Each structure stands twice: as structure tokens, then as C-alpha cells.
Amino acid sequence: MDDRWAPVLDELRERFAADTDVVEVEAYLSLKGYDRRQIGEILSLLYSDTGSSPTGGTERITDTDREPSLRVQGPHERGRFTTEAWGYLVVLYASGAVSLNDFEHLVERALVHVDGRITLADIRSLADDAGFDDGAMGGEHPLIH
């Protein structure tokens, strides 16, 4: 086990029952300011230590097995994204045009490569550059070879 997470794991074990829904724990960690990568690491350690999985069974959970989760903006993202830009990202994910990993990749690229407020035009440009299109949302983009 990674010793740097030991205090956090102890706090979670005291605060939440073993059968608490993982979404509640994830929301709590998000409110405490942990990013998605850290939350994933903490949850995997928490559930590997207790011998149970977030679903209560021992099966492995994949990105395609779980229902879409609610992605909450972190404090470092709230002031950067316009409402339209964040909404576009959520719609891309909800429509299946991008996976959860691709969604996070687009968020990180926007935060790194765009100065100031991140607009809808910025996100569309980044999504287009990365090869994601919103065709699953009914957009009309001709395929050019």
C-alpha cells in the first residue's frame, strides 16, 4: 500500500460504512479537492484493502460496464470553462462520442493549452485536433480522404 494515502484511507474507513456507494465516497473526495487520478488511486486502494469492490462483488469493473458517472468540475476548472464549453464536453461524453478517458484528456489539454477562459470554440478546436467529432450528436461533418 502507498503510505501517502494511509491517513486518507483511515479517514474514509471511519467516515463511511463498508457498504457505502462508491459515488458518495467519490463525491466526498472531489469536494476535498482531489483530482480524478488521485480519487481513482484512493478508491482502488480503499476497496482492495477491504476485499470488496465498489459494486459489492469481486468482478472487475471496466469503463463500459458502469453507467456514466457525474463529472463534477474541480476548483481549478470552475473559473476556466465557460458554461457552453463545459456543456459541450459533457454532451460529447454522454453521446458516446468520447470515452471517459478521452473526456479527461480533452479537459487537461484545454487547461494546459488555452490561456484564460476556455470557450466553446476552443473545445471544438481541441476535439477536432484530437480526432473526435460530434457526429454521434447529429452533427454533419463530411468525410474527406
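Residues numbered from 1 in each chain as written. Predicted model: local features only at pLDDT ≥ 70, side-chain atom pairs only at ≥ 80, totals over all residues. Heavy atoms only, no water.

A. Looking closely at the side chain of threonine 82. Considering the arrangement of structural elements, one finds threonine 82 in the loop between α4 (75-78) and α5 (83-95). Here threonine 82 falls in the buried class, since its relative accessible area comes to 13%. Setting aside residues no more than four positions away along its own chain, threonine 82 makes contact with Arg117, Ile118, Thr119 and Leu120. (Helix = DSSP H or I, 4+ residues; strand = E, 2+ residues; numbered from the N terminus. Buried < 20%, exposed > 50% of the residue type's maximum accessible area, 1.4 Å probe, protein only. Contact = heavy atoms within 4.5 Å.)

B. Here's a closer look at the side chain of glutamate 26. Summarising the element assignment, glutamate 26 is placed in helix α2 (residues 22-31). Setting aside anything within four residues of it in sequence, one finds glutamate 26 in contact with Arg36, Ile39 and Leu43.

C. Looking closely at the nonpolar core. Core analysis: the biggest nonpolar cluster contains 20 residues, and Phe81, Leu89, Leu106 and Ile123 have the highest contact counts within it. For this core, the secondary structure elements donating two or more residues are α5, α6 (100-113) and α7 (120-129). Contact partners of leucine 89, with chain neighbours within four places excluded, come to Phe81, Phe103, Leu106, Val107 and Ile123. Among the nonpolar cores identified, the runner-up in size contains 15 residues, and Trp5, Val8, Val25 and Tyr28 belong to it. (Core = buried A, V, L, I, M, F, W, Y, C linked by side-chain atoms within 4.5 Å.)

D. How the structure looks around the packing of helix α1 (residues 6-15) against α2. Where α1 meets α2, the closest approach of the two axes is 12 Å, and the angle between their N-to-C directions is 130°. As summarised for this structure, α1 and α2 are arranged oblique, according to the angle between their axes. Note that α1 runs across α2; the crossing there is right-handed. Residues Val8, Glu11, Leu12 and Arg15 of α1 lie in contact with α2, whose contacting residues are Val25, Tyr28 and Leu29. (Axes fitted to C-alpha atoms, helices over the stretch in contact; angles between N-to-C directions. Parallel < 35°, antiparallel > 145°, perpendicular 65-115°, else oblique. Left-handed = near helix turned anticlockwise from the far one by under 90°.)

E. Spotlight on the pattern of salt bridges. Scanning the model with the defined rule gives 6 salt bridges in all. Across the pair glutamate 41 and arginine 37 runs a salt bridge whose closest N-O atoms are separated by 3.5 Å. Taken as a pair, glutamate 41 and arginine 37 lie in helix α3 (residues 36-50) at a separation of 4 residues, close to a single helical turn. Look at glutamate 41 and you get partly exposed, because its relative accessible area is 22%. Bridged by salt links that share partners, the residues Arg4, Arg37 and Glu41 form one connected network. (Salt bridge = Lys/Arg side-chain N within 4 Å of Asp/Glu carboxyl O.)

F. A look at the packing of aromatic side chains. Counted according to the given criterion, the structure contains 5 aromatic pairs. Arranged with centres 5.8 Å apart and planes meeting at 70°, the rings of tryptophan 5 and tyrosine 34 form a pair that is edge-to-face. Of this pair, tryptophan 5 sits in the segment before α1 while tyrosine 34 sits in the loop between α2 and α3, and the two are 29 residues apart along the sequence. The exposure class of tryptophan 5 is buried, given its relative accessible area of 5%. Measuring from centroid to centroid gives 5.5 Å for phenylalanine 16 and tyrosine 28, while their planes differ by 75°, and the two rings are edge-to-face. Pair noted here: phenylalanine 16 is in the loop between α1 and α2 and tyrosine 28 is in helix α2, with a separation of 12 residues, a long-range link. An aromatic cluster is present here, built from Phe81, Trp86, Tyr93 and Phe103 joined pairwise through their rings. (Phe/Tyr/Trp six-rings, centres within 6.5 Å; stacked < 30°, edge-to-face > 60°.)

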